[in-house]
Amino acid sequence: MSTDRSRGRLRFLDQSDAEAALLRARLDAVTRLAAQTQRTRLDVEREAAQLGISAVTLYKLLRRYSDDPKPESVLELRRGWTKGRSRLIHPEIGHHRRGH
């Protein structure tokens, strides 16, 4: 994931325009919440509702952003096997070991 900050706008280079707009909205919400010293659950719930995500998901994004404050922190993490990732437990054997 790389970003382009030309002309003062954040643009996610490998995302569609719609995905980039969603990520910018998430980043804006997370940075607003992170800047609040007296943030309430209601604040988080309002931002989450505007983004169409749960407050729990927004809290996770906020925590990731607080730990590593960069645009990539608000990316949705995909579950499951990523493309190109081997499912082999023991690559030297060439298959899954069963019963061990």
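Cut-offs applied
- Residues numbered from 1 in each chain as written.
- Predicted model: local features only at pLDDT ≥ 70, side-chain atom pairs only at ≥ 80, totals over all residues.
- Heavy atoms only, no water.
- Helix = DSSP H or I, 4+ residues; strand = E, 2+ residues; numbered from the N terminus.
- Buried < 20%, exposed > 50% of the residue type's maximum accessible area, 1.4 Å probe, protein only.
- Contact = heavy atoms within 4.5 Å.
- Lys, Arg positive; Asp, Glu negative; His and termini not counted.
- Salt bridge = Lys/Arg side-chain N within 4 Å of Asp/Glu carboxyl O.
- Axes fitted to C-alpha atoms, helices over the stretch in contact; angles between N-to-C directions.
- Parallel < 35°, antiparallel > 145°, perpendicular 65-115°, else oblique.
- Expected span 1.5 Å × (residues − 1).
- Arc of directions from axis to C-beta.

Once that is clear, we can look at the side chain of Glu-47. Examined against the element boundaries, Glu-47 turns out to sit in helix 2 (residues 41-51). The class of Glu-47 is buried, set by a relative accessible area of 13%. Apart from the residues lying within four places of it in its own chain, the contact partners of Glu-47 are Ala-29, Arg-32, Leu-33 and Leu-58.

In this section: the side chain of Asp-43. Along the chain, Asp-43 falls in helix 2. Despite its burial, Asp-43 pairs with no opposite charge, the nearest such side chain being Arg-46 at 4.4 Å. If sequence neighbours within four positions are ignored, Asp-43 has contacts with Leu-33, Gln-36 and Gln-38.

Our next topic: the packing of helix 1 (residues 17-35) against helix 3 (residues 55-67). Packing of helix 1 against helix 3 brings their axes to within 10 Å, and their N-to-C directions diverge by 75°. Relative to helix 3, the element helix 1 lies roughly perpendicular. Mapping the contact onto sequence places Arg-26, Leu-27, Val-30, Thr-31, Leu-33 and Ala-34 in helix 1 and Leu-58, Leu-61, Leu-62 and Tyr-65 in helix 3.

Attention shifts here to helix 3. With 13 residues, helix 3 should reach 18 Å at 1.5 Å per residue; the first-to-last C-alpha distance of 18 Å fits that figure. Listed as buried for helix 3 are Ala-55, Leu-58, Leu-61, Leu-62 and Tyr-65. In an axial view of helix 3, the angular spread of the buried residues amounts to 115°, which keeps them on one side of the axis. Pointing more than 90 degrees away from the buried face of helix 3 are the exposed residues Arg-63 and Asp-67. Its buried side turned inward, helix 3 meets helix 1 and helix 2.

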